[in-house]
Amino acid sequence: QVQLVESGGGLVQAGDSLRLSCAASGRTFSTNGMGWFRQAPGKEREFVAAISWSGGSTYYAESVKGRFTISRDNAKNTVYLQMNSLKCEDTAVYYCTASRLMYGSDRVGSYDYWGQGTQVTVSS
């Protein structure tokens, strides 16, 4: 059974940092693009960041560019999202996802596997 399990969420103040982790089990994703999406209450799920199978290419939403960094460790079958300079508008449930594509995508439909999500709350 394939599972993606996110961890590292929590309650922080604006300007703080958090590091999310996503551990995959049940199969290796070393040849798949991986991504992070988020969903705030009353809003649609939105793209945050994606990383290619090798980690050589990364993509970010404009709203997080320069503040968030996605990375991966294929030996550990794990993907990370380092979030710095957090803002109140970053508050959301963050989802880890694995793509059928090698390079990831900003489209929800490109992803086949999803984690349960981890809550990130940023207070002012």
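See above for the structure.
Report on the accompanying structure. Keep in mind the model is a prediction, meaning the values are calculated, not measured.

Calculation rules
Residues numbered from 1 in each chain as written. Predicted model: local features only at pLDDT ≥ 70, side-chain atom pairs only at ≥ 80, totals over all residues. Heavy atoms only, no water. Disulfide = S-S within 2.5 Å. Helix = DSSP H or I, 4+ residues; strand = E, 2+ residues; numbered from the N terminus. Buried < 20%, exposed > 50% of the residue type's maximum accessible area, 1.4 Å probe, protein only. Patch = residues over 30% accessible without salt bridge, like charges linked within 9 Å, V, L, I, M, F, W, Y side chains within 5 Å. Areas by Shrake-Rupley, 256 points an atom, 1.4 Å probe, with all protein chains shown as cover. Salt bridge = Lys/Arg side-chain N within 4 Å of Asp/Glu carboxyl O. Phe/Tyr/Trp six-rings, centres within 6.5 Å; stacked < 30°, edge-to-face > 60°. Lys NZ or Arg CZ within 6 Å of the ring centre and 35° of its normal. Contact = heavy atoms within 4.5 Å. Polar contact = N/O pair within 3.5 Å; in protein donor to acceptor, adjacent residues only side chain to side chain.

What follows is about the state of the cysteines. Using the criterion set out here, one finds 1 disulfide in the structure. Disulfide pairing places Cys22 opposite Cys96 at an S-S distance of 2.0 Å. Residues Cys22 and Cys96 are joined through a disulfide that is left-handed, its torsion about the S-S bond being -75°. Of the two residues, Cys22 is situated in strand β3 (residues 18–25) and Cys96 in strand β9 (residues 92–99); the sequence distance between them amounts to 74 residues. Given the relative accessible area of 1%, Cys22 is considered buried. We classify Cys96 as buried; its relative accessible area is 0%.

Residues Trp53, Tyr59, Met102 and Tyr103 make up a contiguous nonpolar surface patch of roughly 380 Å² in combined accessible area. Here Tyr59 is to be found in strand β6 (residues 58–60).

Further remarks concern the packing of aromatic side chains. Taken as a whole and judged by the stated rule, the model has 5 aromatic pairs. Members of the aromatic cluster, connected to one another through ring pairs, are Phe37, Phe47, Tyr111 and Trp114. Cation over ring: Arg19 sits above Tyr80, and NZ or CZ is 4.0 Å from the ring centre. Its end group placed over the ring of Tyr95, Arg45 keeps NZ or CZ at 3.8 Å from the ring centre.

With that out of the way, let us pick up the environment of Glu46. Residue placement: Glu46 occurs in strand β5 (residues 46–51). The class of Glu46 is partly exposed, set by a relative accessible area of 36%. Taking the C-alpha atoms as reference points, Glu46 and Ser7, separated by 39 residues in sequence, lie 19 Å from one another. If sequence neighbours within four positions are ignored, Glu46 has contacts with Phe37 and Arg38. A distance of 2.6 Å separates a polar atom in the side chain of Glu46 from a polar atom in the side chain of Arg38.

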